[in-house]
Number of protein chains: 2
Amino acid sequence: MNRREILKLSAASALSALSPAIAQAAVVKAAPSLQPVPKFDFFESSLQGPTDGNPYLDVQLSATFTLDHRSVQVDGFYDGNGAYKIRFMPDTEGPWRFTTSSNATALANHTGSFLCTPANSHGPVSVRNIHHFAYADGTPYFPFGTTCYAWAHQGSEMEQQTLTTLASAPFNKIRMCVFPKSYEFNHNEPEFYPFPRTAPASKEHPQGINDTTRFNPAFFAHFENLLTRLRDLNIEADIILFHPYDRWGYATMSTEADDRYLRYVIARFAAFRNVWWSLANEYDFMKAKTTQDFDRLLRIAQQSDPYQHLRSIHHGHVMYNYGSSTVTHASLQVTDFDSALGWSQQWRKPVLYDECQYEGNIPRRWGNLSGPEMTRRFWLGVIAGCYVTHGETYFDPSLSFDENGTQKIWWANGGVLRGSSPARIAFLRKLLEDTTIHGLEGSPAAYYLNATNPATTAQGVDLKASPAAILYYLDEHQPIEYTFPLDNATYTAELIDPWAMTITPIPGQHSGKTTLRLPASPFQALRFKQAPKS
Amino acid sequence: MNRREILKLSAASALSALSPAIAQAAVVKAAPSLQPVPKFDFFESSLQGPTDGNPYLDVQLSATFTLDHRSVQVDGFYDGNGAYKIRFMPDTEGPWRFTTSSNATALANHTGSFLCTPANSHGPVSVRNIHHFAYADGTPYFPFGTTCYAWAHQGSEMEQQTLTTLASAPFNKIRMCVFPKSYEFNHNEPEFYPFPRTAPASKEHPQGINDTTRFNPAFFAHFENLLTRLRDLNIEADIILFHPYDRWGYATMSTEADDRYLRYVIARFAAFRNVWWSLANEYDFMKAKTTQDFDRLLRIAQQSDPYQHLRSIHHGHVMYNYGSSTVTHASLQVTDFDSALGWSQQWRKPVLYDECQYEGNIPRRWGNLSGPEMTRRFWLGVIAGCYVTHGETYFDPSLSFDENGTQKIWWANGGVLRGSSPARIAFLRKLLEDTTIHGLEGSPAAYYLNATNPATTAQGVDLKASPAAILYYLDEHQPIEYTFPLDNATYTAELIDPWAMTITPIPGQHSGKTTLRLPASPFQALRFKQAPKS
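None of the values given here were measured: they were computed from a predicted structure.

K.L.:
Got a minute to help me understand the overall build of chain A in this structure?
P.N.:
For chain A, the helix and strand inventory stands at eleven helices and 33 strands. Expressed as a percentage of the 534 residues in chain A, the buried residues total 57%. Total accessible area on chain A stands at roughly 21,500 Å², and carbon and sulfur atoms take up 51% of it.

See the structure below:
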């Protein structure tokens, strides 16, 4: 037995006795030559390469990562100052090796390796059970998102405030733009620009001039820092890649520049486990692009992303073809919840109400829902087996309204939350997590709105079996009693007040047609849970 | 000068000095041979005729009423016991004459006359300004209806209670069935049957046997008494001629029986100025009839009614073709108010939301809206330039719910009103009457829901001129302020709380883009009225 074998043996003995975290440290100690990378974190390799010409255009770099018989090819990117980087998010434990390819001799045929150690996270989110999501480790993920379009362009103090708010908010997804935004409540210049500015805005060039053949590494490093911070908060970054509210020229770039930007973003960001690709916000309001342009961009994202992160596109007035295989879920801007079930069934994908107007008080139709109405919309979505995204647009009522003013609002800038719906959204999220692991399925046959938590069998989810739980939401209805058409399983019942955030057990066990006396007030809910078999 | 001439002269002198009512009496005195009938009341002539055979089938009777060069032909009807009747509602003052026609010698070629005197009512309602209604004398009529399907079959005590309730309720239209109803909350046998029952319900004949070749005059006399009482309350009777909720065979009669019944009803009821024809409730739920059957029935109603009373048909799931020239207005069962304006524009007719669910607490999806939600739906309809019908389904919460029980609810039986919406409906009706004489036009361009009261010019309504008033309803929105895009006319502004029933003037006069501070609470409204020109 040589020294190496002894080390291996001692490590193996230690593993059987130690907790996983300590065991991981032990493995690292045992094989110091291999950099440890927890599964679903990311590995990065940096190489020095050419600085002449335009490296962004001239140099191609990729790497092939291999574990046993499996190979994954990822694109590298130029990060300025002669530095070329390759990032990789491993999804399997073990010793990965890689080899680079490049048209630049200095970058080609480099090799390396790292050790993928056990995950310290749930991993990336993907679609599960047709209409729902789960993390890679199987943990259910029910999206309860919020919207802060331009929070990444507000400067470090405000960005920190947003992160502090998010740390105690109920949201596990955030819709956010890569590009800065020029719109109501968003008139500031960003700290960073994605491309070098060869001329500032002027009378002759109102948008300034961008050199879209190059990128600004500082812009992306800043954005990646925010992605990391979100990742540490277990928040998915629903990254909006294009949007119409622009004064710098980012909405009207050439096809070549669009495609190059998209590939560069994917090369840089895809190794973050918490990214989703939203190809555009309100794609149909981007008048310089056609629907075919977005078809192409979605295909590029589909082909370029080694991890197949979730992918969608958000519409303004005209729905995208969410039946397309290039989108993994629908990202809707509608307030029509009656159609939710039909859409889910048609597309056979998760349906996210990513914009159904916002809680607030600004003089815009989309920005002044009451807290109760925002809460109601979350319930309508969830009860249809879909998911809903929050946004908040409160203006301080002690001030004069001024869309160009300095007051910050969550939906535009981040900062602080003022509304009454987040507490109720937290309640609903907890309720959902306590009710189902598979996600709720909207019921087409129900007299009232309800959603079913399907039972699990050895074969997986069984929609035909007695559901493990059933959730009813009575919306504006206020019956003094109601006969719930339960099946022959035995259920307990609870009355839920979504606004008061109370769950009141109803005595007894229930089976078959069950008539319950109700408080005859609107906006109540009921939960039936299968009683444990005695 | 003979005595008659002296009488005429003294009457004419008196007329110039006396009030119209007294003048009318004076005319009657002056011409005692002519029966006076106020315009829009009805004249009835009774003749004795054959009693052998089946007079309902065998005898045809009509009369032609003539004033100057104008002739109107009306059908008579057999009222039993050898009595044949002809009814006529005159619409023009003056001495009318009539001559009868019949295939029975005893009934043919009778003549008579009456004097149509000035109206003591506004007359029948018809369509005005495309989307609205007015009485024959030009007074605007804004339908604020309610629903008591079977109130005419509850016995005299309850019927009187219903009339007492209606006398102080805000409703000027009532949806009511000719036939008794067999449905939840309606299991009683009616006091009267429309056709002679030749056999009661039995095992062999579960619906009993009706002789549909004959009518029961007592049934119709009772119904007419109620029409008279409603007329005296200025309430339009929206008479439902067929409906699916039946256990006596009235929903499954032969085509011949259907047509005969319809013609008989029109011959009897059409002279009441306050009748509307609703060919069916939920026509598409009447499985023994096709849509073509209702097309035919509507054509018969159109051809048989000398007064062209308002005519529609109410749907369940499948909308009737409301573009048809046989219907004067749409009678919808929907809760979709977003489509209201589109439907109005498509059909170019008044749109009535005759069923948009009811305020109540019963365990039926359609029967347990809260009072605030019923109120909201009235506002949504009115603000779209349409009209909404009320219904109430409150069950006494101190009792066990029992659909077969003896408890009466307004929507089914009439009786008393318990809800909180009628007071708010009264407020809205008064507000509408104080705001417009032409009816409100929904605005497609508005950012918020709003409706415009068009201005009048010498040529009539001018939709392009500055509106005399504009009504905004903010629904679930709660802006702290809003910029209203007024035109260059000068307006006063009022804040309206539809639930608190308050109208609060906002100081100042407003013109052009007008920004107003608002209370930032949902379900508020605003009214702008053109200031009188100084």
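K.L.:
Is there a simple way to think about the interface of chain A and chain B in this case?
P.N.:
Interface size is commonly expressed as the accessible area that is lost once the parts come together. With 33 residues of chain A at the interface, the matching set in chain B holds 33 residues. Of the roughly 2,500 Å² buried between chain A and chain B on both sides combined, carbon and sulfur atoms contribute 47%. The interface formed by chain A and chain B contains two salt bridges. Of the charged contacts, one joins arginine 377 of chain B and glutamate 476 of chain A as a salt bridge, the two residues approaching to 2.4 Å between their closest N and O atoms. Across the chain A-chain B interface, the total number found is 16 residue pairs in polar contact (both at pLDDT 80 or more). Here the element with the most residues in the side of chain A that touches chain B is helix 9 (residues 371-383) of chain A; it accounts for three residues. Here the side of chain A that touches chain B is built from residues that sort into 16 nonpolar, ten polar and seven charged.

K.L.:
Just to check I follow, could you spell out unusual backbone geometry for this structure?
P.N.:
Most peptide bonds adopt trans geometry, and most residues besides glycine take a negative phi value. Residue and element names in this part refer to chain A. A positive phi angle, near 65 degrees, is found at asparagine 109, a position not held by glycine. Since its relative accessible area comes to 63%, asparagine 109 is described here as exposed. With a phi close to 70 degrees, phenylalanine 185 is a non-glycine residue in the positive phi region. Residue classification places phenylalanine 185 among the buried residues on the basis of a relative accessible area of 5%.

K.L.:
I would appreciate a short explanation of the pattern of salt bridges in the present structure.
P.N.:
Should the charged atoms of two oppositely charged side chains come close, the side chains can pair. What the rule picks out here adds up to 50 salt bridges over all chains. Across the pair aspartate 211 of chain B and arginine 214 of chain B runs a salt bridge, and its minimum N-O distance is 3.2 Å. Residue classification places aspartate 211 of chain B among the buried residues on the basis of a relative accessible area of 19%. Relative accessible area serves as the criterion here: at 29%, arginine 214 of chain B is assigned to the partly exposed category. Overlapping salt bridges, with partners in common, bring together Glu44, Asp79, Lys85, Arg87, Glu224 and Arg268 of chain A in one network.

K.L.:
Help me understand the packing of helix 6 (residues 255-269) of chain A against helix 7 (residues 291-304) of chain A, please; the structure alone is not making it clear to me.
P.N.:
Each pair of packed helices can be summarised by the angle the axes make with each other and by the distance between the axes. All names here are of chain A. The contact between helix 6 and helix 7 brings their axes to 10 Å, and the two run at 30 degrees. Taken together, the axes of helix 6 and helix 7 lie roughly parallel to each other. The interaxial crossing formed by helix 6 with helix 7 has right-handed handedness. Touching Thr255, Asp258, Asp259, Leu262, Arg263 and Ile266 of helix 6 are Arg296, Leu297, Ile300, Ala301 and Ser304, all from helix 7. Within the contact of helix 6 with helix 7, the residues separate by chemical class into five nonpolar, two polar and four charged.

K.L.:
Help me understand the environment of isoleucine 480 of chain A in this model?
P.N.:
With respect to the helices and strands, the residue isoleucine 480 of chain A is situated in the loop between strand 28 (469-473) and strand 29 (481-485). For the pair formed by isoleucine 480 of chain A and glycine 414 of chain A, sequence separation is 66 residues and the distance between their alpha carbons is 43 Å. Leave out the neighbours within four places in its chain, and isoleucine 480 of chain A touches Leu516, Arg517, Leu518 and Ala520 of chain A together with Asn361, Phe395, Pro397 and Phe401 of chain B.

K.L.:
Looking at this model, I keep getting lost on the relation of the copies chain A and chain B. Mind explaining?
P.N.:
For the pair of chain copies, the relating operation is a rotation around an axis with a shift along it. Mapping chain A onto chain B is achieved by rotating through 180 degrees and translating by 0.1 Å along the same axis, at an RMSD of 0.1 Å. As the rotation angle and translation indicate, the two copies are arranged about a two-fold axis. Every residue of chain A has its C-alpha some distance from the rotation axis, and the shortest such distance is that of aspartate 336 of chain A, at 5.2 Å. A shared interface surface links the copies, since 100% of the contact residues of chain A are contact residues in chain B too.

K.L.:
Help me understand helix 4 (residues 156-167) of chain B, please; the structure alone is not making it clear to me.
P.N.:
An α-helical turn contains 3.6 residues, so any two residues separated by three or four positions project in the same direction. Residue and element names in this part refer to chain B. Its twelve residues give helix 4 an end-to-end C-alpha distance of 16 Å, which sits within 8% of 16 Å, the value for a rise of 1.5 Å per residue. Those residues of helix 4 that fall on the buried side of the exposure criterion are Met158, Glu159, Thr162, Leu163, Thr165 and Leu166. Within helix 4, the buried residues cover an arc of 160 degrees as seen down the axis, which keeps them to one side. For helix 4, exposure combined with an orientation more than 90 degrees from the buried face picks out Ser156, Glu157 and Ala167.

K.L.:
What exactly am I supposed to notice about helix 5 (residues 217-232) of chain A here?
P.N.:
All names here are of chain A. The end-to-end C-alpha distance of helix 5, which contains 16 residues, comes to 22 Å, matching closely the 22 Å that a straight helix rising 1.5 Å per residue would cover. Of all the residues in helix 5, the buried ones are Pro217, Phe219, Phe220, His222, Phe223, Glu224, Leu226, Leu227, Leu230 and Arg231. Positioned one or two residues after helix 5, asparagine 234 has a phi angle of 60 degrees, which is positive.

K.L.:
How should the environment of glycine 371 of chain B be read in this particular structure?
P.N.:
Here glycine 371 of chain B shows up in helix 9 (residues 371-383). As for glycine 371 of chain B and proline 422 of chain B, which are separated by 51 residues in sequence, their C-alpha atoms are 8.5 Å apart. Apart from the residues lying within four places of it in its own chain, the contact partners of glycine 371 of chain B are Gln478 of chain A together with Glu359, Ser420, Ser421 and Trp499 of chain B.

K.L.:
How should the side chain of arginine 527 of chain A be read in this particular structure?
P.N.:
All names here are of chain A. Tracing the backbone shows arginine 527 in strand 33 (residues 525-530). On the basis of relative accessible area, arginine 527 is assigned to the buried category, the value being 4%. Polar contacts involving the side chain of arginine 527 include one to the side chain of threonine 435, which spans 2.7 Å.

K.L.:
Explain the sheet that holds strand 8 (residues 111-117) of chain A to me, please; I cannot follow it from the model alone.
P.N.:
In any sheet, the strands associate via hydrogen bonds between backbone groups, in a parallel or an antiparallel arrangement. Residue and element names in this part refer to chain A. Across the sheet, which stays open at both edges, the five strands sit in the order 1-8-7-3-4 with mixed pairing between neighbours. Two strands close off the open sheet at either side, each with one partner strand: strand 1 (35-38) and strand 4 (70-75). Averaged over neighbouring strand pairs, the angle between their axes works out to 30 degrees when direction is ignored. Summarising the sheet, strand 3 (residues 61-67) and strand 7 (residues 94-102) pair through six bridges and their orientation is antiparallel. Each bridged residue has a counterpart across the sheet, and for threonine 66 the counterpart in strand 7 is arginine 97.

K.L.:
Looking at this structure, how should I read the sheet that holds strand 10 (residues 132-135) of chain B?
P.N.:
Residue and element names in this part refer to chain B. Sheet architecture is open: three strands sit in the order 9-10-11, paired in antiparallel fashion. Each edge of the open sheet carries a strand with a single partner, namely strand 9 (125-128) and strand 11 (140-141). Alignment of strand 9 against strand 10, held across four bridges, turns out to be antiparallel. Across the sheet, residue valine 127 finds its bridge partner in strand 10, namely phenylalanine 133.

K.L.:
What exactly am I supposed to notice about the packing of aromatic side chains here?
P.N.:
For any pair of aromatic rings, the description consists of the separation of the ring centres together with the inter-plane angle of the planes. One pass over the structure, following the stated rule, counts 112 aromatic pairs over all chains. Ring geometry for tyrosine 56 of chain B and phenylalanine 215 of chain B: centres 5.6 Å apart, planes at 70 degrees, overall edge-to-face. Of this pair, tyrosine 56 of chain B sits in helix 3 (residues 55-58) while phenylalanine 215 of chain B sits in the loop between strand 15 (209-210) and helix 5 (217-232), and the two are 159 residues apart along the sequence. Across the pair, exposure class does not vary: tyrosine 56 of chain B and phenylalanine 215 of chain B are buried alike. Of note, arginine 424 of chain A hangs over the ring of tryptophan 499 of chain A, and the distance from its end group to the ring centre comes to 3.7 Å.

K.L.:
Would you mind going over the pairing of strand 8 (residues 111-117) of chain B with me for this structure?
P.N.:
Both faces of the sheet carry side chains from a regular strand, because those side chains alternate between them. Taken together, the four bridges between strand 1 (residues 35-38) of chain B and strand 8 of chain B define a ladder with parallel strand orientation. Paired with proline 38 of chain B across the strands is threonine 117 of chain B, a residue of strand 8 of chain B.

K.L.:
Any chance you could explain the state of the cysteines here in plain terms?
P.N.:
Between two cysteines, a covalent bond joining their sulfur atoms is known as a disulfide. Enumeration according to the criterion identifies zero disulfides over all chains in this entry. Free of any disulfide, cysteine 148 of chain A has its nearest cysteine sulfur in cysteine 177 of chain A, 11 Å distant. The class for cysteine 148 of chain A is buried, based on a relative accessible area of 0%. Here cysteine 356 of chain B stays unpaired: no disulfide links it, and the sulfur of cysteine 386 of chain B, its closest cysteine neighbor, is 11 Å away. Its relative accessible area of 0% is what places cysteine 356 of chain B among the buried residues.

Here is what the cut-offs are and how they apply
- Residues numbered from 1 in each chain as written.
- Chains lettered and ligands numbered in written order.
- Predicted model: local features only at pLDDT ≥ 70, side-chain atom pairs only at ≥ 80, totals over all residues.
- Heavy atoms only, no water.
- Helix = DSSP H or I, 4+ residues; strand = E, 2+ residues; numbered from the N terminus.
- Buried < 20%, exposed > 50% of the residue type's maximum accessible area, 1.4 Å probe, protein only.
- Areas by Shrake-Rupley, 256 points an atom, 1.4 Å probe, with all protein chains shown as cover.
- Contact = heavy atoms within 4.5 Å.
- Buried area = accessible area lost by both parts, 1.4 Å probe.
- Salt bridge = Lys/Arg side-chain N within 4 Å of Asp/Glu carboxyl O.
- Polar contact = N/O pair within 3.5 Å; in protein donor to acceptor, adjacent residues only side chain to side chain.
- Nonpolar A, V, L, I, M, F, W, Y, C, P; charged D, E, K, R; others polar.
- Axes fitted to C-alpha atoms, helices over the stretch in contact; angles between N-to-C directions.
- Parallel < 35°, antiparallel > 145°, perpendicular 65-115°, else oblique.
- Left-handed = near helix turned anticlockwise from the far one by under 90°.
- Least-squares fit on C-alpha atoms with pLDDT ≥ 70 in both.
- Expected span 1.5 Å × (residues − 1).
- Arc of directions from axis to C-beta.
- Pairing = 2+ DSSP bridges.
- Phe/Tyr/Trp six-rings, centres within 6.5 Å; stacked < 30°, edge-to-face > 60°.
- Lys NZ or Arg CZ within 6 Å of the ring centre and 35° of its normal.
- Disulfide = S-S within 2.5 Å.

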